[in-house]
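Structural overview
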Amino acid sequence: MRLRVEFTTEPFDLDEAPAHAVVARDIVTGAELDAVDVGPFGNTAEGDADRVLGAVADLLRESLEAGATRVSLQVNVIADAAGSEGRSS
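Below is a summary of the structure that appears in this document. (Residues numbered from 1 in each chain as written. Predicted model: local features only at pLDDT ≥ 70, side-chain atom pairs only at ≥ 80, totals over all residues. Heavy atoms only, no water.)

Once that is clear, we can look at a nonpolar patch on the surface. Together, L53, L60, L64, L73 and V75 make up an exposed nonpolar region whose accessible area comes to about 380 Å². Mapped by element, the contributors of at least two residues to the nonpolar patch are α2 (49-65) and β4 (70-78). For the nonpolar patch, the element with the most residues is α2, which contributes 3 residues. (Patch = residues over 30% accessible without salt bridge, like charges linked within 9 Å, V, L, I, M, F, W, Y side chains within 5 Å. Areas by Shrake-Rupley, 256 points an atom, 1.4 Å probe, with all protein chains shown as cover. Salt bridge = Lys/Arg side-chain N within 4 Å of Asp/Glu carboxyl O. Helix = DSSP H or I, 4+ residues; strand = E, 2+ residues; numbered from the N terminus.)

See below:
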């Protein structure tokens with residue numbers, strides 16, 4: 001199964017990236033996920049379910065420890081290369 005995670009961490013700081021945002025960025029870029037897109041107001045990454053879920057657990061734990069007061073995230077099942085959503089018949 002493949003998953004896509006979209007997330008933001010708060011509070012925002014428009015002048016420089018807060019520590020919690022840097023931690024979250026480092027986690028997703030180092031997690032061997034596909035299609036990682038990190039931006040100032042939202043971040044996305046895709047990959048194997050086990051890697052995405054592991055990265056999400058690390059992201060939550062470490063960004064909260066680094067000062068995030070809110071982490072908003074959404075996880076979606078996405079179609080794999082064969083066009084299915086990872087469900088068996």
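Having seen the structure, we can now continue with the description.
Judged by pairing direction, the sheet is antiparallel, and its 4 strands sit side by side in the order β2-β3-β1-β4 without closing on themselves. Across the chains shown, the open sheet's two edge strands, defined by having one partner strand only, are β2 (34-38) and β4. Averaged over all pairs of adjacent strands, the angle between their axes in this sheet comes to 20°, without regard to strand direction. As paired strands, strand β1 (residues 2-10) and strand β3 (residues 43-48) are joined by 6 bridges and run antiparallel to one another. The partner of V5 across the bridge, within β3, is A45. (Pairing = 2+ DSSP bridges. Axes fitted to C-alpha atoms, helices over the stretch in contact; angles between N-to-C directions.)

On to the layout of surface pockets, then. In this model, the largest pocket occupies a volume close to 310 Å³. For the largest pocket, the lining is made up of 21 residues, of which A17, P18, A21, G39 and P40 are closest to its centre. Listing elements by their share of the lining of the largest pocket, those giving two or more residues are β1 and α1 (19-29). Looking at the lining of the largest pocket, the element that brings in the most residues is α1, giving 5 residues. Per-class residue counts for the lining of the largest pocket are 12 nonpolar, 6 polar and 3 charged. (1 Å grid on protein atoms, 1.4 Å probe; cavity = no way out; pocket = protein on both sides within 12 Å on 5 of 7 lines; lining within 4 Å. Points joined across faces, edges and corners; volume = space filled by probe spheres on them. Nonpolar A, V, L, I, M, F, W, Y, C, P; charged D, E, K, R; others polar.)

What follows concerns the pairing of β3. Pairing of β2 with β3, which is carried by 3 bridges, proceeds in the antiparallel orientation. Looking at the pairing, V38 lines up with N43 of β3.

The subject of this paragraph is unusual backbone geometry. Looking along the chain, the bond that leaves E10 and enters P11 is cis, with omega of 10°. Along the chain, P11 turns up in the loop between β1 and α1. Despite not being glycine, E32 has its phi angle at roughly 55°, a positive value. Tracing the backbone shows E32 in the loop between α1 and β2. A positive phi angle is found at A35, which is not glycine, with a value near 50°.

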